[in-house]
Amino acid sequence: MSVLTQLRNRIGCIVGAYPGQAGVANSLTGQQPGFWRGNDVRFEVALLEADGETVITNISALASLTVEILSGQAAAPTILATGTVAAADMNQALSQAAWDDGSSQHAVVAFSNLESALDLGGAASRTFWLAISYLTNGSPARRITIYGGPLTVFEDGTPSGGPVIAGGTLVPVGAVFQAGDLYVLEGLTPGRAYSYYRGANDIKLLNPGTGGQEVVDGAFVAADTYVTLLGTQLQPVTAVVRAEAYFTAEQSDARYQQLGGTEFVWLRLQDVATGQYRTVRVNNGVLVVEQIT
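A brief structural summary. Every value quoted in this text rests on a predicted model; they were computed, and no experiment measured them.

What counts, and at which threshold
- Residues numbered from 1 in each chain as written.
- Predicted model: local features only at pLDDT ≥ 70, side-chain atom pairs only at ≥ 80, totals over all residues.
- Heavy atoms only, no water.
- Salt bridge = Lys/Arg side-chain N within 4 Å of Asp/Glu carboxyl O.
- Helix = DSSP H or I, 4+ residues; strand = E, 2+ residues; numbered from the N terminus.
- Buried < 20%, exposed > 50% of the residue type's maximum accessible area, 1.4 Å probe, protein only.
- Patch = residues over 30% accessible without salt bridge, like charges linked within 9 Å, V, L, I, M, F, W, Y side chains within 5 Å.
- Areas by Shrake-Rupley, 256 points an atom, 1.4 Å probe, with all protein chains shown as cover.
- Lys, Arg positive; Asp, Glu negative; His and termini not counted.
- Charge placed at Lys NZ, Arg CZ, Asp CG, Glu CD.
- Pairing = 2+ DSSP bridges.
- Axes fitted to C-alpha atoms, helices over the stretch in contact; angles between N-to-C directions.
- Core = buried A, V, L, I, M, F, W, Y, C linked by side-chain atoms within 4.5 Å.
- Contact = heavy atoms within 4.5 Å.

1. A short note on the pattern of salt bridges
Applying the stated criterion across every chain, the model contains 7 salt bridges. Taking the shortest distance from any N to any O, the salt bridge between Arg37 and Glu155 comes out at 2.8 Å. Of this pair, Arg37 sits in the loop between strand 2 (34-36) and strand 3 (41-48) while Glu155 sits in the loop between strand 8 (143-154) and strand 9 (182-186), and the two are 118 residues apart along the sequence. For Arg37, a relative accessible area of 6% gives the class buried. Linking Lys204 and Glu214 is a salt bridge whose minimum nitrogen-to-oxygen distance equals 3.1 Å. In this pair, Lys204 sits in strand 11 (residues 202-207) while Glu214 sits in strand 12 (residues 213-215), placing the two residues 10 residues apart along the sequence. One connected set of salt bridges, linked through shared partners, spans Arg8, Arg10, Arg42 and Glu44.

Right, dumping it as structure tokens:
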């Protein structure tokens, strides 16, 4: 199957495999996953049996699947881009034939050209770390990593590569507050969760379409494709704005409906000091915080 709107990385992940075995290559190329910087890219993921070929046909235990692009493999790396798909949006009936002929997969996680405009440090290419994991829908929820490996991003040398994302922030290098102490950050996905943290020159973030929501350090859900950053006029924007590993509002609603309205995972947080994750969920009206290692 040809997809003309996004670059494809098609990865079969062996469930239960030891590190270094799971999902060794992009099945379309036989090489490790990669893409051109600043391009729209998608990761097509299938869960496979131990033989690395047979599609797992029952994925009813999954609550969600997450693809993360990290700065490296070391402990507590910077999350540069992340995307999560809820079980309700997965293909629960993937056939062996559809996976083999490239026409379908269990899940697709896509990143926009802005999200993929990673900082290559002026080099022609740079190797990052790709991690794929899922959360189970049991209690407690379990986090299972099914792929971890190098991801190479290449510079195509064209001006359409998009602004450079430095240090995990969506704010492009060289961004400056204009007249009125404003800077408009574009390229966000409505309904997706982001975080905003001020630097030396920053004051707050304005989220349009939400009654003028003001954010002073913390998480927010984008109401439109842009937000407005306030800071010191003619000074560099020093804030960090990045997409986070939360469910979108639609994904949360789907998760809630799938479980009969009794339980849903709301968000997943990573402790940057320990590298451990926590899930925050609602179970029969009770807020539950769980640690997942």
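So that's the structure; there's more coming.
2. Regarding a negative patch on the surface
A grouping of Glu49, Asp51, Glu53, Asp100 and Asp101 is seen on the molecular surface, where their side chains present a negatively charged patch. Structurally, Glu49 can be placed in the loop between strand 3 and strand 4 (62-70). Judged by its relative accessible area of 38%, Glu49 falls in the partly exposed class.

3. Quick word on the sheet that holds strand 5 (residues 79-86)
Whenever strands of a sheet pair, they do so through backbone hydrogen bonds, lying parallel or antiparallel. Spatial strand order, 2-8-7-4-5: 5 strands in an open sheet with mixed pairing. Each end of this open sheet is capped by a strand with a single partner; those strands are strand 2 and strand 5. Neighbour to neighbour, the strand axes of the sheet diverge by 25° on average, direction disregarded. Of the pairings in the sheet, the one linking strand 7 (residues 125-136) to strand 8 comprises 11 bridges and is antiparallel in character. Within the sheet, the bridge partner assigned to Arg126 lies in strand 8 and is Val153.

4. Description of the nonpolar core
One broad rule of soluble globular proteins: the nonpolar side chains tend to lie buried together. Counting residues in each nonpolar core, the largest one holds 30 residues, and the members touching the most others are Phe43, Leu47, Leu65, Val67, Ile69 and Ile132. Breaking this core down by element, the ones donating at least two residues are strand 1 (7-14), strand 3, strand 4, strand 5, strand 6 (107-111), strand 7 and strand 8. Not counting chain neighbours up to four residues away, the residues in contact with Leu65 comprise Val45, Leu47, Gly83, Thr84, Val85, Met90, Ala107, Val109, Ile132, Ser133, Tyr134 and Ile146.

5. Here we look at the environment of Ser71
Its location among the elements puts Ser71 in the loop between strand 4 and strand 5. Ser71 has contacts with Pro77, Thr78, Leu80 and Phe128, leaving out every residue within four places of it along the chain.

6. Some thoughts on unusual backbone geometry
Note the cis peptide between Ser139 and Pro140, where omega equals 5°. As for its position among the elements, Pro140 is in the loop between strand 7 and strand 8. The backbone of Asp217 sits at a positive phi, close to 70°, despite the residue not being glycine. Secondary-structure assignment places Asp217 in the loop between strand 12 and strand 13 (218-221). Among the residues examined, Asp217 registers a relative accessible area of 35% and is labelled partly exposed. One non-glycine residue with positive phi stands out, namely Leu234, at about 65°. Here Leu234 shows up in the loop between strand 14 (226-231) and strand 15 (240-243). Residue Leu234 is classed as exposed on the basis of its relative accessible area of 57%.

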